[in-house]
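Descriptive analysis of the structure
Each chain, written out:
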Amino acid sequence: MSVTPQVGEGASGPLLASPAEAIPEASQELVKSDRVGGFVRYLRRNRSLPIGLLMLLSLVLFSVIGSLLVDTERARPLSVMAIQPPSRELPFGSDRQGRDLLAVMIAGTPLTIRIGLIAGLIGVGLGTVLAFVSAYYGGMVDAVVRGLVDVGLTIPGLLVLIILAVTIREGISVNQMALVVACLAWLYPTRVIRAQVLSMRERAWVQVARLSGMSGPEIIVKEMLPNLFPYLAAALVNSVSAAVLASIGLEALGLGPIESPTLGMTVYWVQFNAAVINGWWWWWLEPIAILFILFVGLFLVSLGLDEIANPRLRKTV
Amino acid sequence: MPIDYVLRRVGFFFLILWLAATLNFFIPRLSSQNPVRERMIEQAVLGGYVHAGMDQMVEEYERRFGLDQPLYIQYFRYMGDLLQGDFNYSIANFPRTVREMLAEALPWTIGLLVTTTVLSFILGTLLGAFMGWPRAPVFLQYVLPPLLALHALPYYLFGMVLMYVFAFKAGWFPIFGAYTAGTIPTPSLEFVLDVVRHATLPALSIILVAVGGWALTMRAMVVTIQGEDFITFADAKGLKGKTIFLRYAIRNTMLPQATAFALALGQIVAGGVLVEVVFGYPGIGTVLFAAIRQADWFLIQGAVFTVIVAIGLATLILDLVYPKLDPRITYRRA
């Protein structure tokens, strides 16, 4: 936000254009001479990336250190006294079925993140392949992929997932949950990456590679993928976030792995037992707080990655 | 508006309906069991009030699902029923049809979601535009970070927080429902106020969360557009700042913002469904939640399909309005 005055001057025209063009060259030099120092300096400017990473790291540390200190078996029902507010023995309190909520959070956070990661990786992987096939080869293939993505993105994914989850409801596991969510997780990455590949295909260096006799797959793997990396990373972060969102939505509706203490299932039990209007504040506050840290962390990381991928944003944000 | 553009958009709408209906038909059949029979047995085991219609229902479903018929005949029969708006009976509330139950719930959902979606879009867009404009009041810069942080939360989780603070603790707003239980809906002022009071918290939980997202994209676009030549030119012509802001900057950012709006509809509705569940608001979301709990298969399918139709329609309307925003689209052929 400290850059806003610069933006104000932007209105006065082409003056700004030349320094802005000069920046990438200068920073390239910088990176070459002193890669690590340059990166640290860059992070100081692009603050949302390290802050976001720090938030995600804190969640990982919470569950790793927590699982060493606390017996996660206590995340099962009937482990402790029911409905205890936070106290010395139960720092996070307990729920109505007698789960120790500290243990639930410690066990549930990585489960929820796992659902997001599995679905996100499948989504971006599939999306990348489809995007390349579609954008690089064009024609009928492209038309079909584009049509599918357009229609698929108009239909609210959660509803299709509800139908799917209702169908296979009996004893769904955490991994199956991830696969269900992954079914639609490729749509958005496909669209975003396809657009990038299309614009990249016309760039001079791709033409040069083609003229110098590289094959299609070779160009994709050696030339285009490395340049796409920041976009892929941003797409992955967004997919993970969307997958977590979809999974807790399904779980809150009661379509999740009933036996597992994921964050979404905790939200379901909160809803099931009307914890909010019974005044059991700790029960709903804890999963919401952790999900808040998770979502804000992912959002900040994606903002930061966006800025790396899209240097035009650098002068503005 | 050229006719082929309209036809293409209408065609897209029907494509969505067809795909949604087809998914609705085939996904349940992916598992080799007969979901109807299973659910009926489940219901019977749970015991109780559905017994009366059991035989009649099984017969009806067997006929409809025509398990002796080849798949494509089942498919066409299903599509024919859908075209007539026939979603079958609700399993859990037998003599009532799915259509009846959805017709009751739909006005509440539309009322809540249309109001909140439009309000948050307008508020967020204006806020973002002001924040990106250099001559805007400074305090606006401090509004964005908290709104952006909120934006990361799903509506319904934020709704729980609002509910606890303003309904449970402070007691300013009712906790449950769309109007005070026991009152009879009449077009009186009293009743309208009651409905507004009940809708306030659900609406706020959507608006406060959604505003940040619109503000963020709008702010970025307004900031970017200030570097464009036509803005510089307008400035050099000596146009007033207000004119440049409204007629040059905002006018041009409306196109991508409207596109983003159309794309976000699905997400908003999915989130809204869960807000209804949290507040016990008697819309489609609550019906769907109850249906999932009771394994009411036809009600689930009907609710899902209805929402998809609604979103398809909204998208179609936006598509048809879009050329008004962007005159270039009239000349474009994809």
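Quantities reported herein were computed from a predicted structural model and do not represent experimental measurements. Residue positions within a chain follow its written sequence, with the count starting from 1. Lettering for chains starts from A, numbering for ligands starts from 1, and both go in the order in which the items are written. Selection of residues for local features in this predicted model requires a pLDDT of at least 70, selection of side-chain atom pairs for listing and counting requires 80 or more, and totals for whole chains, interfaces and linings are taken over all residues.

Runs of E in the DSSP output that reach at least two residues are strands. Runs of H or I that reach at least four are helices, and both are numbered from the N terminus. A count of helices and strands for chain B gives twelve helices and zero strands. Per-residue burial for chain B yields a buried fraction of 36% across its 334 residues. Note on contacts: residues are paired as contacts if their backbone-placed C-beta atoms lie within 7 Å. Taking contacts inside chain B between residues at least 6 apart in sequence as the whole, the part at least 24 apart equals 73%. Whether a residue is buried, exposed or partly exposed is read from the other C-beta atoms within 10 Å of its own C-beta, which are placed from the backbone; 20 or more gives buried, 12 or fewer gives exposed, and intermediate counts give partly exposed.

Another point: the overall build of chain A. If you tally the helices and strands in chain A, you get 13 helices and zero strands. Its helices and strands in sequence order give chain A the pattern α-α-α-α-α-α-α-α-α-α-α-α-α, from N to C terminus. Burial status across chain A gives 42% buried among its 317 residues. Considering only intrachain contacts with a sequence separation of at least 6, the fraction spanning at least 24 residues in chain A is 69%.

Glancing now at the interface of chain B and chain A. In this assembly, 50 residues from chain B lie in contact with 42 residues from chain A. Those elements giving two or more residues to the side of chain B that touches chain A turn out to be α1 (3-30), α7 (155-169), α8 (189-225), α9 (229-236), α10 (241-279), α11 (284-293) and α12 (297-325) of chain B. Take the side of chain B that touches chain A: its biggest share by element is nine residues, from α1 of chain B. Asp, Glu, Lys and Arg are counted as charged, while Ala, Val, Leu, Ile, Met, Phe, Trp, Tyr, Cys and Pro are counted as nonpolar; the rest, among them Gly, fall into the polar class. Considered class by class, the residues forming the side of chain B that touches chain A number 37 nonpolar, eleven polar and two charged.

Attention shifts here to the nonpolar core. Ranked by internal contacts, the top residues of the largest apolar core, which has 161 residues, are Leu161, Ile162 and Val181 of chain A together with Ile300 and Ala303 of chain B. Leaving out residues up to four positions away in the same chain, Ala303 of chain B has contacts with Leu102, Ile284, Val287, Leu288 and Ala291 of chain B. We define a nonpolar core as a collection of buried residues of the types Ala, Val, Leu, Ile, Met, Phe, Trp, Tyr and Cys that are connected via C-beta atoms lying within 7 Å of each other.

On to helix α4 (residues 48-69) of chain A, then. A turn of α-helix holds 3.6 residues, and therefore any two residues three or four places apart point the same way. Residue and element names in this part refer to chain A. The span you would expect from a helix comes to 1.5 Å times its residue count less one. Between the first and last C-alpha of α4 there are 31 Å, a value that for 22 residues agrees with the 32 Å anticipated at 1.5 Å per step. Turning to α4, its buried residues are Leu49, Gly52 and Ser63. On an axial view of α4, the arc spanned by its buried residues comes to 90°, and they lie on one face. Exposed and oriented more than 90 degrees from the buried face of α4 are Leu54, Leu57, Ser58, Leu61, Ile65, Leu68 and Leu69. Note that the arc is defined by the directions from the helix axis to the C-beta atoms.

Quick look at the environment of Val273 of chain B now. All names here are of chain B. One can find Val273 in helix α10. Overall, the presence of 29 C-beta atoms within 10 Å leaves Val273 in the buried class. Sequence separation of Val273 and Leu263 is ten residues, and the distance between their C-alpha atoms is 17 Å. Val273 has contacts with Ile284, Gly285 and Leu288, leaving out every residue within four places of it along the chain.

Note that Pro226 of chain A resides in helix α11 (residues 216-252). C-alpha separation for the pair Pro226 of chain A and Leu57 of chain A, spaced 169 residues apart in sequence, amounts to 26 Å.

It is worth spelling out the domain arrangement of chain B at this point. All names here are of chain B. Domain annotation for chain B reports domain 1 (3-83) and domain 2 (98-325). Each side of the interface is counted separately: domain 1 has 14 residues, and domain 2 has twelve residues. Breaking the side of domain 1 that touches domain 2 down by element, the ones donating at least two residues are α1 and α2 (35-46). The dominant element in the side of domain 1 that touches domain 2, judged by the number of residues it contributes, is α1, at ten residues. Per-class residue counts for the side of domain 1 that touches domain 2 are ten nonpolar, one polar and three charged. Domain delimitation follows an automatic or database domain assignment.

Turning our attention to the packing of helix α10 (residues 204-211) of chain A against α11 of chain A. Helix packing geometry: the angle between the two helix axes and the distance between the axes. All names here are of chain A. Relative orientation of the contacting elements α10 and α11 amounts to 145°, with a least axis distance of 11 Å. Regarding α10 and α11, the two cross each other, and that crossing is right-handed. Within the contact between the two elements, α10 uses Trp205, Val206, Ala209 and Arg210 and α11 uses Ile219, Glu223 and Met224. The residue makeup of the contact of α10 with α11, split by class, is five nonpolar, no polar and two charged. A fitted line through C-alpha atoms represents every axis, and for helices the fit uses only the stretch in contact; the resulting angles, taken between N-to-C directions, go from 0 to 180 degrees. In this scheme the handedness of a crossing depends on how the near helix is turned from the far one: anticlockwise by less than a right angle means left-handed, clockwise means right-handed.

Our focus in this paragraph is unusual backbone geometry. All names here are of chain A. Of note, the phi angle at Leu78 is positive, near 65°, even though the residue is not glycine. In this structure, Ala274 takes a positive phi of about 50° despite not being glycine. For Ala274, the location among the structural elements is in the loop between α12 (263-272) and α13 (281-309).

Moving on: the confidence of the model for chain A. Every residue gets a pLDDT, meaning the predictor's confidence in that residue, from 0 to 100. On average, residues of chain A score 83 in pLDDT, and 86% of them reach the 70 mark or higher. Under a pLDDT of 50 for its full length, residues 1-23 of chain A has, in the predicted model, 20 contacts with residues more than four places off or in other chains.

All names here are of chain B. Running from amino to carboxyl end, helix α5 (residues 98-132) crosses α8 at an angle of 35°, the nearest separation of the two axes being 6 Å. When the axes of α5 and α8 are compared, the crossing they make is right-handed. Among the residues making up the contact of α5 with α8, the classes are represented as 20 nonpolar, ten polar and one charged.

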